[in-house]
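# Structural overview
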Amino acid sequence: MEFSNCLIDWYLKNKRDLPWRKTTDPYKIWLSEIMLQQTRVAQGLPYYIRFTEQYPAVEDLANAHEDEVLKLWQGLGYYSRARNLHATAKKVAFELNGKFPDTYKELLKLKGIGDYTASAIASISFGEGQPVVDGNVYRVLARYFGVHTSINSSLGVKYFKELAHEVKHEKQIAIYNQAIMEFGANQCKPQSPDCKVCPLKGSCAALAKDEVKLLPVKIKKTKITKRYFNYIVFVDVNGNTLLQRRTKKGIWYNLYEFPLIETVTPVKNKSVLLEESYLQDHHVVSMELFHKGDIIHKLSHQHLYTKFWIVHLHGNLPNGISFARVKEYAVPVLVANFIEEFGF
DNA sequence: AATACGGGGGA
DNA sequence: TCCCCAGTATT
């Protein structure tokens, strides 16, 4: 059996039972595709369930506050996805009469929707013949056809999309797209795929040339920068604390956190921090480190060496937040973990 | 063409 | 440790 039919045949025997495969509602397909960008199914699945319960239709999502959407998104990462999700929901609900665009070209214009997601929605919800090209597809195509062009060069992106068009299944595009991705995820896996039981083993170029481990080719590795965070966890006489929104460009935009003092080098002792103006504005009773050493929070491009300082105040915070309400705010996992440990 | 953007899981 | 995940937007 040739390539596309073989994948579909494999898929029908091996596919997982996932909730977004029971519908072609573009809203649900869109939601699942955004959530699964750079995210494993196992991690995204519980979020998909919560979102579809909380927001059954695009209007429900459109009418929510961004803070609430971010809170529901908390822990999934790449928070611009949530902000763009909300913006696009409002666009569809309020400007497009509640109906998603039904073509690849029009979908591509929406915030947060790139080539992959436009192809996925167009094919799965509307049957348009656009092949998806995600990380799985790059891997399957590179190996099966023996392509050494790097998948993250501009030439490679163009080449693989064209190749994907040439080898796609013409009649069953929706099934085919999900088939090749599922095949990449569970059979043609990144590490140690079990090629002995692969239905395509007889015609796979990489297997024939013993290049499975070499493909796909991907260039570059990211440089990691170190940052030094000092979170000031106020505790006033009423048991209130302070949170503030991140309003500058960069990580965690629009999420909340404790007042932050970032330094270029690690802070040796609290005297350096006590000189900060907003700490001098309060009557500090005590200031103690919560953990012995730094918490090292690792992101793709940054390692955050973090100290949480518990600062007891004599008076009360003007804009204090009660401990009970701290958990209502969308915060980064780094901060959420601390909140859990501290036991607000 | 490169880089920023989260967090987690598997080897 | 390192890789990479149903990628997109910005520089």
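Residues numbered from 1 in each chain as written. Chains lettered and ligands numbered in written order. Predicted model: local features only at pLDDT ≥ 70, side-chain atom pairs only at ≥ 80, totals over all residues.

## Quick look at the packing of helix α2 (residues 26-35) against helix α3 (residues 41-54)
The test is simple: The convention used is that axes are lines fitted to C-alpha atoms, helices contributing only their stretch in contact, and that angles between N-to-C directions extend from 0 to 180 degrees. Counting from the N terminus, the helices are the DSSP runs of H or I reaching at least four residues and the strands are the DSSP runs of E reaching at least two. Should the near helix be turned counterclockwise from the far one by less than a right angle, the crossing is left-handed, whereas a clockwise turn marks it as right-handed. Here, residue contact means that the backbone-derived C-beta atoms of the two residues sit within 7 Å. Any residue that is not Ala, Val, Leu, Ile, Met, Phe, Trp, Tyr, Cys, Pro, Asp, Glu, Lys or Arg is counted as polar, Gly included; the first ten are nonpolar and the last four charged.
It is the contact of α2 with α3, at a shortest axis distance of 10 Å, that shows an interaxial angle of 145 degrees. Both α2 and α3 take part in a crossing whose hand is right-handed. Contacts from Lys28, Leu31, Ser32 and Met35 in α2 reach Gly44, Tyr47, Tyr48, Phe51 and Thr52 in α3. Residues that form the contact of α2 with α3 fall into these classes: 5 nonpolar, 3 polar and 1 charged.

## Quick notes on the domain arrangement of chain A
Stated precisely, the cut-off is as follows: All the domain ranges listed were derived from an automatic or database domain assignment.
Assigned domains of chain A: these are domain 1 (3-132 + 156-183) and domain 2 (225-342). Computed from C-alpha coordinates alone, the two centres of domain 1 and domain 2 are separated by 36 Å. Opposite the 8 residues of domain 1 that make contact, domain 2 presents 8 residues. Take the side of domain 1 that touches domain 2: its biggest share by element is 4 residues, from helix α5 (residues 66-73). For the side of domain 1 that touches domain 2, the residue count by class is 2 nonpolar, 2 polar and 4 charged.

## Regarding the nonpolar core
Quick reminder of the rule: For this entry, the nonpolar core is defined as buried Ala, Val, Leu, Ile, Met, Phe, Trp, Tyr and Cys residues connected by C-beta atoms within 7 Å. Buried means a residue has 20 or more other C-beta atoms within 10 Å of its own C-beta, exposed means 12 or fewer, and partly exposed covers the counts in between; C-beta atoms are placed from the backbone.
Within the largest apolar cluster, 81 residues are counted, with the highest numbers of intra-cluster contacts made by Leu7, Ile121, Val137, Leu141, Ile180 and Val233. Looking at this core, the element that brings in the most residues is helix α11 (residues 173-186), giving 7 residues. Looking at which domains feed residues into this core, each of domain 1 (3-132 + 156-183) and domain 2 (225-342) supplies at least three. In this view, Leu7 contacts Tyr176, Ala179, Ile180 and Phe183; residues no more than four positions away in its chain are not counted.

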